[in-house]
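Single-letter residue listing:
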Amino acid sequence: MSKYIAAIDQGTTSTRCILFDRQGNIVSVGQKEHEQIYPKPGWVEHNPDEIWKNTLEVIALARIKVSVTSADIAAVGITNQRETTVAWNRRTGKAYHNALVWQDTRTGDMVAQFEKDGGIDRFRPVTGLPLATYFSGLKLRWLLQNVPGLRKDAEKGEALFGNMDTFLIWNLTGGVKGGIHVTDVTNASRTQLMNLHTLEWDEDMLRTFEIPRAMLPAIKSSSEVYGTVTSEVLPGVPIAGALGDQHAALVGQACFEPGMAKNTYGTGCFLVMNTGSELRISEKGLLTTIAYKFGDQPVQYALEGSIAIAGALVQWVRDNLGIIEKSSDIEPLAQTVEDNGGAYFVPAFSGLYAPYWRNDARGVIAGLTRYVTKGHIARAVLEATAYQTVDVVNAMEQDSGIKLASLRVDGGMVANQMLMQFQADMLDTTVVAPAVAETTALGAAYAAGLAVGYWADLADLRKNWAVAQTWEPVMESPQRDALYKGWQKAITKSFGWEE
Ligand SMILES: Nc1ncnc2c1ncn2[C@@H]1O[C@H](COP(=O)(O)OP(=O)(O)O)[C@@H](O)[C@H]1O
Ligand SMILES: O=P(O)(O)OC[C@H](O)CO
């Protein structure tokens, strides 16, 4: 019997391949970062060829470290940065343009145009999503309008659209030699082209955004065999699961009951609450999305609070300001001071996502005086992620009527003790990190493993979840309230910057 499940986690910053055993333990990891391309202010691109090459490389790396053959791997699961949009040619395999990354704001004018006729929530009842630059539908519309020849090829079915899940599955299953063109429901739910009620591409949305249906992948469940890997890195292994990364983290955190929630602190920060088989359209600025759908079992829905910039702000301080060398240096720098010194950093680099949905917002540092040092700025940077999470939790509790008893956390920023303690303090709630920190990859492994019988059922998966660390709130209410009041004031200063 095969010993492991492989998960490919194609994130915003890097691509990883992780091998898991039956207890959900990490056996081996291969990881590689890719280039972030910023052609203009607000534009963010990735090179799909680089990501495909990195994917092959990280699979090989993960295998070499523990010298496993493909016979040792029962299945592979894919998880990915969501919304990031690629169009490529079926015959050549070449992308027509760099991938437009989820954070890219170039569709701002389209958003404004569509908003004029029906407001920001006009597509919410069908898609669960507000009008925003974030989702794939308008990014694809931009490509179709701006890349010569793409629309013609798309109408003939020669050009294919996909998010990174689709692009990788197509390449892994043979590419130009008959690659399989599919996506899963969770990824499809982020395009703003899928009808949340029917789980099919919505004809009205396709017509409104002028998207040729022939270029769209088939929508599948999150856990079933889509095809078999033909590339020599994993020959003959079935690809049996796919989930957008935030949905995968929900699964990896074993949040299988309605009301259970997780928050993933990566490039962005995404709080997702399982709401069961009931579809709820948010009234507080959250997204309605698919939690997961395992095979032919009923679909599970979720509410999501998406924050565009979290760890990305730490990267920005590292790469653009150069006041730290590596991301983890932000913590000792922030520890050089007692508090934020009155400074607040609102990282509205891609506008503001949940619960504000302000495409016109841009980043500000507020409350500066001559007293403020780089230590205070470091502190304000970390606090920004915690305050944004409080904004989202407040909306989530109002929307769902459920008070969070504790918050399950994961992602690269969870390594930051100061941030996690501050988060517990600002939420006045226990924050809990699980033993397996790579919940995103684990969730994709679970989806694939369930499809091929490596794990029998959800009970098998629940057993694997264990606590690694908890952070308890210790801050007094007056201090918490004063800090949050400052944040609420600062955030209004970011509004209306972009005309
Ligand atoms: N110790 C740390 N303190 C603060 N931020 C950190 C720390 N370690 C990593 N990060 C941030 O976490 C992010 C990487 O997390 P990860 O979960 O790997 O992201 P992604 O899946 O989005 O690629 C980066 O933006 C990085 O700046
Ligand atoms: O790559 P991450 O972990 O920052 O996640 C990106 C999200 O899926 C964007 O919606």
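These figures come from a predicted structure and were not determined experimentally.

1. Digging into the site of ligand 2
Neighbouring residues of ligand 2: Gly11, Thr12, Gln81, Arg82, Glu83, Trp102, Tyr134, Asp245, Gln246, Thr267, Gly268 and Phe270. A distance of 3.3 Å separates an oxygen atom of ligand 2 from a polar atom in the side chain of glutamine 246. Separating an oxygen atom of ligand 2 from a side-chain N or O atom of threonine 267 is a distance of 3.4 Å. Coverage of ligand 2 by the protein chains reaches 93% of its 310 Å² of free accessible surface. Residue composition of the shell around ligand 2, grouped by class: three nonpolar, six polar and three charged.

2. Structural notes on unusual backbone geometry
Trans is the common state for peptide bonds, and a negative phi is the common state for residues other than glycine. That bond from alanine 354 to proline 355 is cis: its omega, -10 degrees, falls within 30 degrees of zero. Checked against the element boundaries, proline 355 lands in the loop between β19 (344–346) and β20 (364–366). Although it is not a glycine, serine 67 adopts a positive phi angle of roughly 35 degrees. Assignment of secondary structure puts serine 67 in the loop between α1 (48–66) and β5 (73–80). With a relative accessible area of 63%, serine 67 lands in the exposed category.

3. Looking at the nonpolar core
Residues Tyr134, Tyr265 and Val409 are the most contacted members of the largest nonpolar core, which totals 75 residues. Take this core: its biggest share by element is 13 residues, from helix α12 (residues 374–400). Among the domains, domain 1 (4–246) and domain 2 (254–434 + 466–498) are the pair contributing at least three residues each to this core. Excluding anything up to four places from it in sequence, tyrosine 134 contacts Arg82, Glu83, Trp102, Lys139, Arg190, Phe270, Leu287, Glu304, Ser306, Tyr353 and Trp357. Residues Leu150, Leu193, Met215 and Tyr301 belong to the second largest nonpolar core, which totals 34 residues.

4. A look at the site of ligand 1
Lining the immediate environment of ligand 1, one finds 16 residues, of which Thr267, Gly311, Ser327, Gly412 and Asn416 sit closest. The separation between an oxygen atom of ligand 1 and a polar side-chain atom of threonine 13 is 3.1 Å. Bound to the protein, ligand 1 loses 84% of the 590 Å² it would expose on its own. If you tally residues by element for the shell around ligand 1, the top one is helix α10 (residues 311–321), at four residues. Its residues placed into classes, the shell around ligand 1 shows four nonpolar, 11 polar and one charged. Built from parts of two domains, the shell around ligand 1 gets at least three residues from each of domain 1 (4–246) and domain 2 (254–434 + 466–498).

5. Regarding the domain arrangement of the chain
If you check the domain split of the chain, you get domain 1 (4–246) and domain 2 (254–434 + 466–498). In this assembly, 32 residues from domain 1 lie in contact with 33 residues from domain 2. At the boundary of domain 1 with domain 2, the tally comes to two salt bridges. A salt bridge links arginine 190 to glutamate 304; the shortest N-O distance between them is 2.9 Å. Scanning the region where domain 1 abuts domain 2 turns up 15 residue pairs in polar contact (both at pLDDT 80 or more). Contributing elements (two or more residues each) for the side of domain 1 that touches domain 2: α3 (124–127) and α7 (185–188). Here the side of domain 1 that touches domain 2 is composed, by residue class, of 15 nonpolar, 14 polar and three charged.

6. What to know about the sheet that holds strand β16 (residues 269–276)
The strand order β17-β18-β16-β15-β21-β22-β23 describes an open sheet built from seven strands, whose pairing is mixed. Each end of this open sheet is capped by a strand with a single partner; those strands are β17 (287–292) and β23 (467–471). Between one strand axis and the next, the sheet turns by 30 degrees as a mean value, whatever way the strands run. In the sheet, strand β15 (residues 261–265) pairs with strand β21 (residues 406–410) via three bridges, with the strands oriented parallel. Across the sheet, residue asparagine 263 finds its bridge partner in β21, namely valine 409.

7. Some details on the pairing of strand β8 (residues 159–162)
Taking every second residue as pointing to the same face, both faces of β8 are buried, with Ala159 and Phe161 on one and Leu160 and Gly162 on the other. Taken together, the four bridges between strand β6 (residues 86–89) and β8 define a ladder with antiparallel strand orientation. What sits directly across from tryptophan 88, in β8, is leucine 160.

8. With respect to the environment of asparagine 47
Note that asparagine 47 resides in the loop between β4 (45–46) and α1. Considering only alpha carbons, one finds asparagine 47 and glutamate 35, 12 residues apart in sequence, at a separation of 7.5 Å. When near neighbours in sequence (up to four residues on either side) are disregarded, asparagine 47 contacts Ile37 and Asn98. Only 2.9 Å separates the side chain of asparagine 47 from the backbone nitrogen of aspartate 49, close enough to count as a polar contact.

9. Brief notes about the UniProt feature "binding site: glycerol" (unreviewed entry) in the chain
Taken from the UniProt record, the annotation "binding site: glycerol" (unreviewed entry) applies to Arg82, Glu83, Tyr134, Asp245 and Gln246. Its location among the elements puts arginine 82 in the loop between β5 and β6. For arginine 82, a relative accessible area of 2% corresponds to the buried category. Judged by its relative accessible area of 1%, glutamate 83 is buried.

Calculation criteria
Residues numbered from 1 in each chain as written. Chains lettered and ligands numbered in written order. Predicted model: local features only at pLDDT ≥ 70, side-chain atom pairs only at ≥ 80, totals over all residues. Heavy atoms only, no water. Near = heavy atom within 4 Å. Polar contact = N/O pair within 3.5 Å; in protein donor to acceptor, adjacent residues only side chain to side chain. Areas by Shrake-Rupley, 256 points an atom, 1.4 Å probe, with all protein chains shown as cover. Nonpolar A, V, L, I, M, F, W, Y, C, P; charged D, E, K, R; others polar. Helix = DSSP H or I, 4+ residues; strand = E, 2+ residues; numbered from the N terminus. Buried < 20%, exposed > 50% of the residue type's maximum accessible area, 1.4 Å probe, protein only. Core = buried A, V, L, I, M, F, W, Y, C linked by side-chain atoms within 4.5 Å. Domains from an automatic or database assignment. Contact = heavy atoms within 4.5 Å. Salt bridge = Lys/Arg side-chain N within 4 Å of Asp/Glu carboxyl O. Pairing = 2+ DSSP bridges. Axes fitted to C-alpha atoms, helices over the stretch in contact; angles between N-to-C directions. UniProt positions renumbered as here; feature names shortened; annotations may be inferred.

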